[in-house]
Amino acid sequence: MIYFDNAATTKLDNEAFEAMKPYLMNDFGNASQPYSFSRKPKKALKEAREQIARCINANPDEIYFTSCGTESDNWAIKGYCTARGFENSTIITSSIEHHAILNCCSAVEKLGAKIIYLPVNKSGIVERNVLKKTICDGSLVSIMYVNNEIGSIQNIKELAKIAHDYNCLFHTDAVQAVGHLPIDVKEMNIDMLSASAHKFNGPKGIGFLYVKNGVNIPSYIDGGSQEKGKRAGTENVASVVGMATALRNNCVQLEDNIEKIRYLDSLLVNTLKKMKLNFIRNGAPDGIPGNISLSFYEKDGEQILHLLDLKGYCVSTGSACDGTKNQVSHVIKAIKVNRKYAKGTIRVSLSKDNTEKEIIQFCNDLNDLLNQL
Ligand code: PLP
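Residues numbered from 1 in each chain as written. Predicted model: local features only at pLDDT ≥ 70, side-chain atom pairs only at ≥ 80, totals over all residues. Heavy atoms only, no water.

1. Focus on the overall build of the protein
Across its full length, the protein holds 13 helices and 12 strands. Over its C-alpha trace the protein gives a radius of gyration of 21 Å, about what one expects of a compact globule, namely 21 Å for 373 residues. Burial analysis of the protein (373 residues in total) assigns 57% to the buried set. Here the analysis covers contacts within the protein between residues at least 6 apart in sequence; of these, 73% occur between residues at least 24 apart. Summing over all exposed atoms, the protein offers an accessible surface of approximately 16400 Å²; the carbon and sulfur share of this is 50%. The averaged location of the 41 negative side-chain charges in the protein is 2 Å from the averaged location of its 44 positive side-chain charges. (Helix = DSSP H or I, 4+ residues; strand = E, 2+ residues; numbered from the N terminus. Rg over C-alpha atoms; globule rule 2.2 N^0.38 Å. Buried < 20%, exposed > 50% of the residue type's maximum accessible area, 1.4 Å probe, protein only. Contact = heavy atoms within 4.5 Å. Areas by Shrake-Rupley, 256 points an atom, 1.4 Å probe, with all protein chains shown as cover. Lys, Arg positive; Asp, Glu negative; His and termini not counted. Charge placed at Lys NZ, Arg CZ, Asp CG, Glu CD.)

Following this line, the structure appears as structure tokens:
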């Protein structure tokens, strides 16, 4: 099996797995208990929070552990609406967000919130003037950092500045960016940021929401006093430790990983070009390396995916959460990919663990397969 679906999920980092084990076995104590047996898990939780905060230049008390990126997104959107009152809430988001944002926006719209969806240009970028024209005082601007289907990277610092010029809050769904791109929440002036461990070689079922001190959003899950009383539920110490270890390792190797993946990315695209296949690469030329959205002329992406599966490759047609719907995705529609190409779209997403040999083998198999179709 050759794994080319790293935007859907990533392999658990070995060190992260080792770091998790004690908290699943011997040191299983409830981190909220006062006795000495709970000291170790409590300390691990504190250190993990500090570690994660360091990776994005936040303060440790600005990191709230959640169960996943989807929960973090829901908390940011619903928290803003609950604090302001749904009827008084306006959310300005983009047309290419993940469904964790889009479906959450639909839900709060039914409760009275106003939602504005910003168009993107052909490269999948929200242009500053488009936001400037639409923005109104007191809104929540929620724009994803890196798009999961085409890898386009938004100018978060610039968009956050515009939001603040209009007394708005700025949230970013950074699920595809954390652990893959340098992030400094202070320098970028981000108010809230969502992340998910399984996208950066951490375990599944754990994520975090960064909430800048001073930004007041209400609790998301009511119950005990965990996470400063804002997100109740016994802490998932092992997963939190795994998340922090994986993030630390990814951040330490960030530049090397980017460079390696950028090389593999251009090797793949250039090899396909040399094969004279009729395709386009979607997204911006300066998108995140390794998120490769390819649209093949008059082909069917779903069919390509299944034929590649038979040859042992994991790729996807778009978002993993959309994997069962055989239709052109909202992202491909939003960037207006030509109809003759749109249906033939697949996403190949690479990781630092992929090799040149895998890329060449893949290109040869894909070439054979497309010529047979
Ligand atoms: N946001 C983006 C951009 C994503 O790519 C994903 C997952 O694919 C999510 C949110 C949801 O994250 P999770 O799977 O942790 O709920």
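2. With respect to the packing of aromatic side chains
Working definition: an aromatic ring pair is given by the centre-to-centre distance plus the angle between the planes. Evaluation of the coordinates by the stated rule reveals 8 aromatic pairs. Ring geometry for Phe4 and Phe362: centres 5.1 Å apart, planes at 90°, overall edge-to-face. One end of the pair, Phe4, is in the loop between strand 1 (2-3) and helix 1 (14-24); the other, Phe362, is in helix 13 (residues 356-372), with 358 residues separating them in the sequence. A single burial state applies to Phe4 and to Phe362, both of which are buried. Linked through ring pairs, Phe4, Tyr313 and Phe362 together constitute an aromatic cluster. (Phe/Tyr/Trp six-rings, centres within 6.5 Å; stacked < 30°, edge-to-face > 60°.)

3. Considerations on the state of the cysteines
Two cysteines, two sulfur atoms, one covalent bond between them: this is a disulfide. Under the defined criterion, the tally for this structure stands at 0 disulfides. No disulfide involves Cys251; its sulfur sits 3.7 Å from the nearest other cysteine sulfur, which is in Cys55. For Cys251, a relative accessible area of 26% translates into the label partly exposed. (Disulfide = S-S within 2.5 Å.)

4. Here we look at a nonpolar patch on the surface
Judged by side-chain polarity, Phe28, Tyr35 and Phe37 come together as a nonpolar surface patch covering roughly 340 Å² of accessible area. Considering the arrangement of structural elements, one finds Tyr35 in the loop between helix 1 and helix 2 (39-56). You can call Tyr35 partly exposed: its relative accessible area is 43%. (Patch = residues over 30% accessible without salt bridge, like charges linked within 9 Å, V, L, I, M, F, W, Y side chains within 5 Å. Salt bridge = Lys/Arg side-chain N within 4 Å of Asp/Glu carboxyl O.)

5. Some thoughts on the sheet that holds strand 6 (residues 169-173)
Spatial ordering of the open sheet is given by 2-8-7-6-5-3-4, a layout of 7 strands whose pairing is mixed. The sheet is open, and its two edges are formed by strand 2 (63-66) and strand 4 (114-118), each paired on a single side. Taking the axes of each pair of neighbouring strands and ignoring which way they run, one obtains an average angle of 20° across the sheet. In the packing of helix 2 onto the sheet, the strands contacted are strand 2, strand 7 (192-196) and strand 8 (207-211), and the crossing angle to strand 2 comes to about 115°. (Pairing = 2+ DSSP bridges. Axes fitted to C-alpha atoms, helices over the stretch in contact; angles between N-to-C directions.)

6. A word on helix 10 (residues 301-310)
Residues of helix 10 that are buried: Gly301, Glu302, Ile304, Leu305 and Leu308. One side of helix 10 carries all its buried residues, which in axial view fall inside an arc of 160°. On its buried face, helix 10 sits against strand 10 (291-296), strand 11 (313-314), strand 12 (345-349) and helix 13. Downstream of helix 10 by one or two residues, Gly312 has phi in the positive range, about 95°. (Arc of directions from axis to C-beta.)

7. Let's talk about the pattern of salt bridges
In this structure the tally under the stated criterion is 16 salt bridges. Lys43 is the partner of Glu47 in a salt bridge, and the nearest nitrogen-oxygen pair spans 3.1 Å. Of this pair, Glu47 and Lys43 both sit in helix 2, 4 residues apart, which is roughly one turn of that helix. Judged by its relative accessible area of 40%, Glu47 falls in the partly exposed class. Of the charged contacts, one joins Glu227 and Arg49 as a salt bridge, the two residues approaching to 2.8 Å between their closest N and O atoms. Taken together, the positions of Glu227 in the loop between strand 8 and helix 8 (237-252) and Arg49 in helix 2 put the pair 178 residues apart, joining distant regions of the chain. A single burial state applies to Glu227 and to Arg49, both of which are buried.

8. Describing the sheet that holds strand 9 (residues 279-282)
Pairing is antiparallel across the open sheet formed by 3 strands, whose spatial order is 9-10-12. One side of each edge strand has no neighbouring strand; the edge strands of this open sheet are strand 9 and strand 12. Put simply, the sheet's adjacent strands are angled 30° from each other on average, direction ignored. Pairing of strand 10 with strand 12 involves 5 bridges; the strand directions are antiparallel. The residue of strand 12 that forms the bridge with Ser295 is Thr345.

9. Some words on the nonpolar core
As a rule of thumb, soluble globular proteins bury nonpolar side chains together. With 68 residues, the main nonpolar core has Leu193 and Phe208 as its most contacted residues. Examining the composition of this core, we find that 8 residues originate from one element, helix 8, more than from any other. Those residues in contact with Leu193 that sit more than four places away from it in its chain are Ile56, His171, Thr172, Ala174, Val178, Ile183, Val185, Phe208, Leu209 and Tyr210. In terms of nonpolar packing, the next biggest core, distinct from the first, is built from 27 residues, Phe279, Ile304, Leu305 and Phe362 among them. (Core = buried A, V, L, I, M, F, W, Y, C linked by side-chain atoms within 4.5 Å.)

10. Considering the pairing of strand 12
Among the 5 residues in strand 12, 5 count as buried, and that is most of the element. Residue alternation in strand 12 divides its side chains into two sets, Thr345, Arg347 and Ser349 and Ile346 and Val348, and both sets are buried.

11. With respect to helix 6 (residues 156-165)
Taken together, the buried positions of helix 6 are Ile156, Leu159, Ala160, Ile162 and Ala163. Axial view of helix 6: buried residues confined to an arc of 160°, hence all on one face. Considering only its buried residues, helix 6 is in contact with helix 5 (128-134), strand 5 (140-142), strand 6 and helix 7 (185-188). Following helix 6 by one or two positions, Asn167 has its phi on the positive side, about 55°.

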